[in-house]
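Structural overview
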Amino acid sequence: MSVTPQISIDVNIATIARYFQVLSDMTRLRIIEELRAGERNVGQLVAATGGSQSRVSNHLACLRWCGFVASRRAGREIYYWLADPVVTELIDTARYQVFGDRELRLDACHTTKQGQL
């Protein structure tokens, strides 16, 4: 019989909450969606998301730090791609298996719009 080390439930819950917090920003989700098609540089991501260069760069720094995306330098450009396939699987699960009839309720949820959730 093997013994599995016990990890604090609080640590797991905090990590899970942080994982979903990274995904809770629409700009970061737009970046992830754009990177599904392949690697992109900051300029391409700015054009695709409609955000400012500094905003997109800040979100990319967050996504890179957390391991969602990776980057490489090619001359003066930095290209980004999805480094964690679990992210797109999770988004697809949410999109196609979880939300469905919940979409209208989520769109009308007043607590998430106020940033209290």
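These remarks concern the structure in this document. (Residues numbered from 1 in each chain as written. Predicted model: local features only at pLDDT ≥ 70, side-chain atom pairs only at ≥ 80, totals over all residues. Heavy atoms only, no water.)

A word on the side chain of Thr27
Selection rule: To qualify as a helix, a DSSP run of H or I must reach at least 4 residues; to qualify as a strand, a run of E must reach at least 2; elements of each kind are numbered from the N terminus. For this analysis, residues touch if any pair of their heavy atoms sits within 4.5 Å.
Looking at where Thr27 falls in the secondary structure, it is placed in helix α2 (residues 26–35). Beyond its immediate chain neighbours, meaning those up to four positions away, Thr27 contacts Arg55 and His59.

Here we look at helix α5 (residues 85–99)
Which entries qualify depends on this criterion: One less than the residue count of a helix, multiplied by 1.5 Å, gives the span that helix is expected to have. Fitting one axis to the seven residues ending at a residue and another to the seven starting there, the bend at that residue is the angle between the two axes. Partly exposed residues are those whose accessible area sits between 20% and 50% of the maximum for their type, while under 20% is buried and over 50% is exposed, using a 1.4 Å probe and protein chains only.
For α5, with 15 residues, the first-to-last C-alpha span of 20 Å sits near the 21 Å given by 1.5 Å per residue. Bending of α5 peaks at approximately 30 degrees at the position of Thr93. Of the positions making up α5, those classed as buried are Val87, Thr88, Ile91 and Ala94.

Let's talk about the sheet that holds strand β1 (residues 40–41)
Short version of the rule: For two strands to be treated as a pair, DSSP must find no fewer than two bridges joining them. Axes here refer to lines fitted to C-alpha atoms; in helices the fit is confined to the stretch in contact. Angles between the N-to-C directions go from 0 to 180 degrees.
Pairing is antiparallel in the open sheet, where three strands are placed in the order β1-β3-β2. Strands at the two margins of the open sheet, each flanked by one partner only, are β1 and β2 (69–74). Across six bridges, the pairing between β2 and strand β3 (residues 77–82) is antiparallel. Bridged to Ala74 within β3 is Glu77. Along the sheet face, helix α4 (residues 53–65) touches β2 and β3 and points at about 115 degrees away from the line of β2.

A short note on the nonpolar core
Under the convention used in this document: We define the nonpolar core as a collection of buried residues of types Ala, Val, Leu, Ile, Met, Phe, Trp, Tyr and Cys that are connected through side-chain atoms lying within 4.5 Å of one another.
Counting 16 residues, the largest nonpolar core has Ile31, Ile32, Val56, Leu60, Leu63 and Phe68 as the members making the most contacts within it. Of all the secondary structure elements, the ones that give two or more residues to this core are α1 (9–23), α2, α3 (42–49), α4 and α5. When residues no more than four places from it in sequence are discounted, the contact partners of Leu63 are Val22, Arg28, Ile31, Ile32, Phe68 and Val69.

Brief notes about the environment of Asp84
Where we set the bar: Polar contact is the term for a pair of N or O atoms within 3.5 Å; when the atoms are in protein, one must be able to donate a hydrogen and the other to accept it, and sequence-neighboring residues count only if both atoms are side-chain atoms.
By the element assignment, Asp84 lies in the loop between β3 and α5. With 17 residues separating them along the chain, Asp84 and Gly67 place their C-alpha atoms 6.9 Å apart. If we ignore the near neighbours within four places in the chain, the residues touching Asp84 are Tyr19, Gly67 and Phe68. Among the polar contacts listed, one links the side chain of Asp84 to the backbone nitrogen of Val86, at a separation of 3.0 Å.

Structural notes on the pairing of β3
Where β1 and β3 come together, two bridges link them in antiparallel fashion. Across the sheet, residue Arg40 finds its bridge partner in β3, namely Tyr80.

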